[in-house]
Amino acid sequence: MIRQLDTIAYNNRLRAIRPEQKVLFAFLLLIMAMAGSWKVQAMITVWLAIWIIGYARVSWKVYAKALGAVALFLLMSVPALLVSIDRSFHVSLDHSQLVTVMSLLSRSIAAWSCLFFLLVTTPFPEMLSVLKRMKVPSILMELFFFTYRFVFVFEKAAEELYVAMKARNGGTHWRHGGMLVFQLFQKIWHSYEALRLALWARGVSGEMAYVPTETYHKTNKRYLWEAVIGLSLLLWLSMIGG
Amino acid sequence: MLTMEEVYYAYPDGPCVLKGVSLHIPDGKKCALIGHNGCGKTTLFLHTNGLLRPNSGRIYWNGEKMDYRRQTLQKWRREVGIVFQNPEHQLVAPLVRDELAFGLHHAGMAKSEMEELMEKALDEFGLRPWLDKPVHHLSLGQKKWLTLAAVMVMNPKLLVLDEPTAYLDRRQIRRFVEKINDIYHNGTTVLLATHDVDFVLEWADIVFVMHDGQIVMQGAPQDIFARQHPLQEWHLDVPLLASVWKTLFPHETRIPRNVEEMKQWMNEQALGTV
Amino acid sequence: MLTMEEVYYAYPDGPCVLKGVSLHIPDGKKCALIGHNGCGKTTLFLHTNGLLRPNSGRIYWNGEKMDYRRQTLQKWRREVGIVFQNPEHQLVAPLVRDELAFGLHHAGMAKSEMEELMEKALDEFGLRPWLDKPVHHLSLGQKKWLTLAAVMVMNPKLLVLDEPTAYLDRRQIRRFVEKINDIYHNGTTVLLATHDVDFVLEWADIVFVMHDGQIVMQGAPQDIFARQHPLQEWHLDVPLLASVWKTLFPHETRIPRNVEEMKQWMNEQALGTV
Amino acid sequence: MKKWKAALFLCGFVVYFTFSESSPALAMHITEGFLPVKWVIFWWLVFLPFLFIGMRSLIRITREHPELKLLIALSGAFTFVLSALKIPSVTGSSSHPTGVGLGAVLFGPWTMVVMGSVVLLFQALLLAHGGLTTLGANAMAMAVAGPLVAYGMYRFGKKWNISRRWTVFFAAFFSDLATYVVTSLQLALAFPDATGGIAASFLKFAGIFAITQIPLAVTEGLLTVVVWNFLSTY
């Protein structure tokens, strides 16, 4: 799942658009989703689905699967909101809460759409370079960049270890989970020693700073116009309280 | 022994890797698979004991068409042992003895039988001195040796090896190959993937050439490597011995499999011309 | 260029790995280091730019005796580039472009100079199509290529490579070797460790044979590989070409370096006998 | 009649989640947009001081030893991969405490606050689990309460000479539990019960999540003990 979504972020049709624009777009929509009415939220959800599936060309199966994962949490919380308990532990269905639940669902799905739009259209390092320009402390930035690189080293190691376990009919017992975690932990030390040497060999020592380079992007007028008009429309809708 | 018919496979959301592989691994032969990196060799190996399930196509093991039910898989995986390329990502247990016991635990064996098999493997692979060592204290060559032992302790009928000789030095390679030959002589069919074409020429009974997700050529190594032209097209090298031989005798169609055979043939030719 | 004199080194709490290494890497030569796994090759390499500090012995770089002060080290490490065996343990940046810029940034370079060097490396290594790709989407061969580019972008005077060809297929090896030759012709001295003795015979100007923490033999590959007996003692193989040649002409002391040379010599011999 | 319906409804969910394929642990992250704006701001404000202290300690450590950046990043990646992988034997376990707990002992609890938050941000931006608006709340539960409880238990066990095995088990178990209790509390505060108020709401949320979280805390504890045993023996 990690690798799949990450790959989409690099290969989708909207990758070439400046990351700042995508981040701003998603962020503005997120604010409207949080503050707006259910109509606004529904529009955001549908509009972003068009962006994700239509413009970015993310397969609808991937979209549906990710949506399902979110729905899981939402559905799990619904009974707690709908069922009411009074002091004598009398359980009853609270119909007045139905409206709250519905608005909660529409807000969550809309807000989630904003997040998902961002993550399938913008590669992680490019999102980070936006953060970097927003003057996020460099210690955090370096941690983000290095961590991101190593996530895929460990993911591959974990995957291969797991396949090797399965090849010998293992991987079914929780003790095997422990073994796998232990092996991965060993890898940390091993990689750490090796990486440290390799970096020293390249003359990197002392601060060990990380400076992202500029990626070249272009602005797509067609998408820009749609975004601006759409955002204005939604803003107007929220203002008149539609 | 193992037959694949028109096997297609694509990773989820990825491009197609196997594009209609058909091959037959006969019982009791030394088989080698060659092909450049990225042609689908590793993916093919993951199909040999059901770790991946083909999108379409059929796989037969000992004449039986394989389904992917739990029981079938368990038996199948016990009978086909795979040694993967990178030992760092294959050894799971913290101790050498646990690593050996790992597969046996799941074969549903009695304890006494398990111990017997362990003892046998310990002797065969000379592992006694390492028994209580943690796996991460071993060198890369020793780890590779251990992965082989941990697979062979299960007594598989088919042994599949992915790049068994990479990163090993000559002495380690020689020892590894000797062991593989022992295994073969004890009745296990062997299938391996390698880039070392000189080794393939000397060792293999059957060579499968893979290119772009298909088996494009198969046969005895002497025949395969005698045809330089198609090999170059698939970015494969001709064995050094073959190119020496072709340089010496451009009109010979046979190829010697090793230096001794070459010497012998040359003597015969010398006698013939005399 | 680089000279080591009686270098001893033991890892903390470990056995002695280098036991008095003395060697001299001359300027502008192709040097190869051979020896079985565990003989100390990698440890030796870690001394070539001060990553490890010898317990005793002296190291000279360009005639200057190296101390281990910060400034000396920084300059030294910029002038000696090392490509390690495993690219996963060398690449730290998520994007290809950042990986290239990483070393340059730490060399304290101005932005314009940095960009110029980057552009040059991009063209030389044909990296433009990968520029915005994440490192984890590259194959092993591509990662290896990238580590070489990331080291060469710094323009070192000595390039040290540990097992550059392991896990690569023939096509990738050929491309890698071509690039190393280009680098050599542009004025960088190259030192590499490998198990592929056939490659060493054809490629190297000087071969160093390492055994048990010492350099036991050095010289031109034709001379080194002509002496079969000591090589076997150090668990090293004789190149296939050398053994073919010895089989054909047991009394010849020279060894051809490649198939073409062999052919030429044979023609000469044929003419000589006629 | 109403009661009967409600009971059926709940039963349906129990069955659904017990047999659901997806890793239930991820359900403990509060989804993007789930909390109302005022609670978003509240939890971010509560979280920021912790993040600030964590970053100060991180900057101090890495100034002295710059190469520790690598080690911390490696540990962060390790924790993230454990929490995101779907491996049957680890299923149902977020393995978050395993990674976080080990890290807390290695680097101290404050560095873990930053690392835990980094992992949460990665989960939001790489997998869309959790979210940006809910990051403050989630971080309080997972990156602050979890590691602090784990570290506290570890110190407590050390001080009173409790067997190492049990200490590690309880450290992982209680840090899981702490995460779960804090999340339930956050939800209860945001969505109080119409008649029973916050207390009743807390009981409801805690009750529902108990189905997955209590067995999970036990497996998590066991898993951590296994790993700890391996680590301390070899």
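Just so it is clear, the model here is predicted, and its values are computed rather than measured.

K.L.:
Hey, could you run me through the overall build of chain D in this one?
P.N.:
Within chain D, the secondary structure is distributed over eight helices and zero strands. Listed N to C, the secondary structure of chain D is α-α-α-α-α-α-α-α in terms of helices and strands. Long-range contacts, defined here as pairs at least 24 residues apart, represent 75% of the contacts in chain D between residues at least 6 apart. For chain D, the computed accessible surface area is about 9100 Å², with 71% contributed by carbon and sulfur atoms.

K.L.:
Would you mind showing me how to read the overall build of chain B here?
P.N.:
The helix and strand tally for chain B stands at eleven helices and ten strands. Relative to its length of 274 residues, chain B is compact, with a C-alpha radius of gyration of 20 Å against a globular reference of 19 Å. For the C-alpha atoms alone, the extent of chain B along its principal axes is close to 65 × 45 × 30 Å. Going through the 274 residues of chain B one by one, you find that 58% of them count as buried. Across chain B, every contact between residues at least 6 apart in sequence was considered, and the portion connecting residues at least 24 apart equals 63%. Once the 30 positive and 34 negative side-chain charges of chain B are each reduced to a mean point, those two points are 3 Å apart.

K.L.:
Hey, could you run me through the packing of aromatic side chains in this one?
P.N.:
Here a ring pair, both rings aromatic, is described through the centre-centre distance and the interplanar angle of the planes. Considering all chains together, one arrives at 48 aromatic pairs over all chains under this definition. A ring pair is formed by W47 of chain A and W51 of chain A, whose centres lie 6.0 Å apart and whose planes are at 80°; its orientation type is edge-to-face. One end of the pair, W47 of chain A, and the other, W51 of chain A, are both in helix α3 (residues 38–55), four residues apart, so they sit about a helical turn from each other. Of the two residues, W47 of chain A and W51 of chain A, neither departs from the other in class, the shared state being buried. Following the ring pairs from residue to residue traces out a cluster consisting of F25, W47, W51, Y55, F117 and Y223 of chain A. K179 of chain C extends its terminal NZ or CZ atom over the ring of F125 of chain C, reaching a point 4.8 Å from the ring centre.

K.L.:
Looking at this structure, I do not really get the packing of helix α2 (residues 37–64) of chain D against helix α6 (residues 135–159) of chain D. What am I missing?
P.N.:
Each packed pair of helices is defined by two parameters, the angle between the axes and the distance between the axes. All names here are of chain D. Where α2 meets α6, the axes come as close as 7 Å, and the angle between the chain directions of the two elements is 45°. It follows from the interaxial angle that α2 and α6 lie oblique. The element α2 and its partner α6 pack so that their crossing is left-handed. Facing W43, W44, V46, F47 and F50 of α2, the residues of α6 in contact are L135, G136, A137, A139, M140 and V144. Classifying every residue of the contact of α2 with α6 by side-chain character gives ten nonpolar, one polar and no charged.

K.L.:
What's the story with the packing of helix α2 (residues 19–35) of chain A against helix α6 (residues 124–133) of chain A in this structure? I'm lost.
P.N.:
All names here are of chain A. Orientation of α2 relative to α6, taken along the N-to-C sense of each, is 85°, at an axis distance of 9 Å. Accordingly, the angle class assigned to the pair α2 and α6 is roughly perpendicular. From α2, P19, E20 and V23 reach across to α6, where they touch E126, V130 and R133. For the contact of α2 with α6, a count of residues per class yields three nonpolar, no polar and three charged.

K.L.:
Honestly, the sheet that holds strand β4 (residues 56–61) of chain B in this entry has me stumped. Any pointers?
P.N.:
Either a parallel or an antiparallel arrangement is found when strands of a sheet pair, and the pairing is made through backbone hydrogen bonds. Residues and elements named next belong to chain B. Pairing is antiparallel in the open sheet, where four strands are placed in the order β2-β1-β4-β5. Single-partner strands in this sheet number two, and they are β2 (16–25) and β5 (64–65). Where strand β1 (residues 2–10) and β4 come together, five bridges link them in antiparallel fashion. Within β4, the residue paired with L2 across the bridge is W61.

K.L.:
Looking at this model, I keep getting lost on the confidence of the model for chain D. Mind explaining?
P.N.:
It should be kept in mind that the predicted coordinates are not to be read in detail where pLDDT is low. Residues and elements named next belong to chain D. A residue-level look at chain D finds 79% of positions with pLDDT of 70 or above and a mean pLDDT of 77. Per-residue pLDDT stays below 50 along residues 1–27; that stretch engages in 31 contacts with residues further than four places along the chain or on separate chains. Under a pLDDT of 50 for its full length, residues 87–95 has, in the predicted model, 29 contacts with residues more than four places off or in other chains. The complex model carries a pTM of 0.87, and its ipTM stands at 0.85.

K.L.:
What should I look at first to understand the nonpolar core in this one?
P.N.:
Most often, soluble globular proteins have nonpolar side chains that are buried together. Among the nonpolar cores identified, the biggest contains 155 residues, and I44, W51, F116 and F150 of chain A are the most heavily contacted of them. Here this core takes 17 residues from helix α7 (residues 138–167) of chain A, the largest share from any one element. Core analysis: the second largest hydrophobic core is formed by 132 residues, A149 and L231 of chain B together with M114 and W265 of chain C among them.

K.L.:
What is the right way to look at the interface of chain D and chain A in this model?
P.N.:
By convention, interface size is frequently given as the accessible area that disappears when the constituent parts associate. Listed as interface residues are 84 residues of chain D and, on the opposing side, 78 residues of chain A. Buried surface at the junction of chain D and chain A, summed over both partners, amounts to about 7600 Å²; 84% is from carbon and sulfur atoms. Looking only at chain D, the three residues that lose the most surface to chain A are K69, L70 and L74 of chain D, adding up to 9% of its buried area. Connecting chain D to chain A are one salt bridge.

K.L.:
Is there a simple way to explain the sheet that holds strand β4 (residues 56–61) of chain C in this structure?
P.N.:
Taken in spatial order, the four strands line up as β2-β1-β4-β5 (chain C) in an open sheet, and their pairing is antiparallel. Edge strands, defined here as strands with exactly one partner in the open sheet, are β2 (16–25) and β5 (64–65) of chain C.

K.L.:
Help me understand α6 of chain D, please; the structure alone is not making it clear to me.
P.N.:
In an α-helix, one turn spans 3.6 residues; hence positions three or four apart end up facing the same way. All names here are of chain D. Taking 1.5 Å of rise per residue, the 25 residues of α6 would be expected to cover 36 Å, and the 34 Å separating its terminal C-alpha atoms lies within 8% of that figure. Roughly 30° is the biggest bend found in α6, and it falls at A145, with proline P147 one to four residues downstream. Of the residues one or two after α6, N161 is the one with positive phi, at around 55°.

K.L.:
What am I meant to see in the side chain of E226 of chain A here?
P.N.:
Residues and elements named next belong to chain A. Relative to the elements of secondary structure, E226 occurs in helix α9 (residues 221–239). What makes E226 buried here is its relative accessible area of 17%. At a separation of 2.7 Å, a polar atom in the side chain of E226 contacts the side chain of Y55.

K.L.:
What am I meant to see in a nonpolar patch on the surface here?
P.N.:
All names here are of chain A. On the surface, L224, W225, V228, I229, L233, L235, W236, M239 and I240 cluster together into a nonpolar patch covering about 980 Å² of accessible area. Along the chain, the position of I229 falls in helix α9. I229 gets classed as partly exposed once you look at its relative accessible area, which sits at 48%.

K.L.:
Honestly, the pairing of strand β3 (residues 30–34) of chain B in this entry has me stumped. Any pointers?
P.N.:
On a regular strand, each side chain points to the face opposite its neighbour's, so the side chains alternate between the two faces of the sheet. All names here are of chain B. Of all the five residues making up β3, five are buried; the element is thus mostly covered by neighbouring parts of the structure. Residues K30, A32 and I34 point to one face of β3 and C31 and L33 to the other, with burial holding for every one of them. Alignment of β3 against strand β8 (residues 189–193), held across four bridges, turns out to be parallel. By the bridge assignment for β8, K30 is matched with V190. In the sheet, β3 pairs with strand β9 (residues 206–211) via four bridges, with the strands oriented parallel. By the bridge assignment for β9, A32 is matched with V207.

Basis of the calculations
- Residues numbered from 1 in each chain as written.
- Chains lettered and ligands numbered in written order.
- Predicted model: local features only at pLDDT ≥ 70, side-chain atom pairs only at ≥ 80, totals over all residues.
- Heavy atoms only, no water.
- Helix = DSSP H or I, 4+ residues; strand = E, 2+ residues; numbered from the N terminus.
- Contact = heavy atoms within 4.5 Å.
- Areas by Shrake-Rupley, 256 points an atom, 1.4 Å probe, with all protein chains shown as cover.
- Rg over C-alpha atoms; globule rule 2.2 N^0.38 Å.
- Buried < 20%, exposed > 50% of the residue type's maximum accessible area, 1.4 Å probe, protein only.
- Lys, Arg positive; Asp, Glu negative; His and termini not counted.
- Charge placed at Lys NZ, Arg CZ, Asp CG, Glu CD.
- Phe/Tyr/Trp six-rings, centres within 6.5 Å; stacked < 30°, edge-to-face > 60°.
- Lys NZ or Arg CZ within 6 Å of the ring centre and 35° of its normal.
- Axes fitted to C-alpha atoms, helices over the stretch in contact; angles between N-to-C directions.
- Parallel < 35°, antiparallel > 145°, perpendicular 65-115°, else oblique.
- Left-handed = near helix turned anticlockwise from the far one by under 90°.
- Nonpolar A, V, L, I, M, F, W, Y, C, P; charged D, E, K, R; others polar.
- Pairing = 2+ DSSP bridges.
- pLDDT = per-residue confidence, 0-100.
- Core = buried A, V, L, I, M, F, W, Y, C linked by side-chain atoms within 4.5 Å.
- Buried area = accessible area lost by both parts, 1.4 Å probe.
- Salt bridge = Lys/Arg side-chain N within 4 Å of Asp/Glu carboxyl O.
- Expected span 1.5 Å × (residues − 1).
- Bend = angle between axes of the 7 residues up to and from the residue.
- Polar contact = N/O pair within 3.5 Å; in protein donor to acceptor, adjacent residues only side chain to side chain.
- Patch = residues over 30% accessible without salt bridge, like charges linked within 9 Å, V, L, I, M, F, W, Y side chains within 5 Å.

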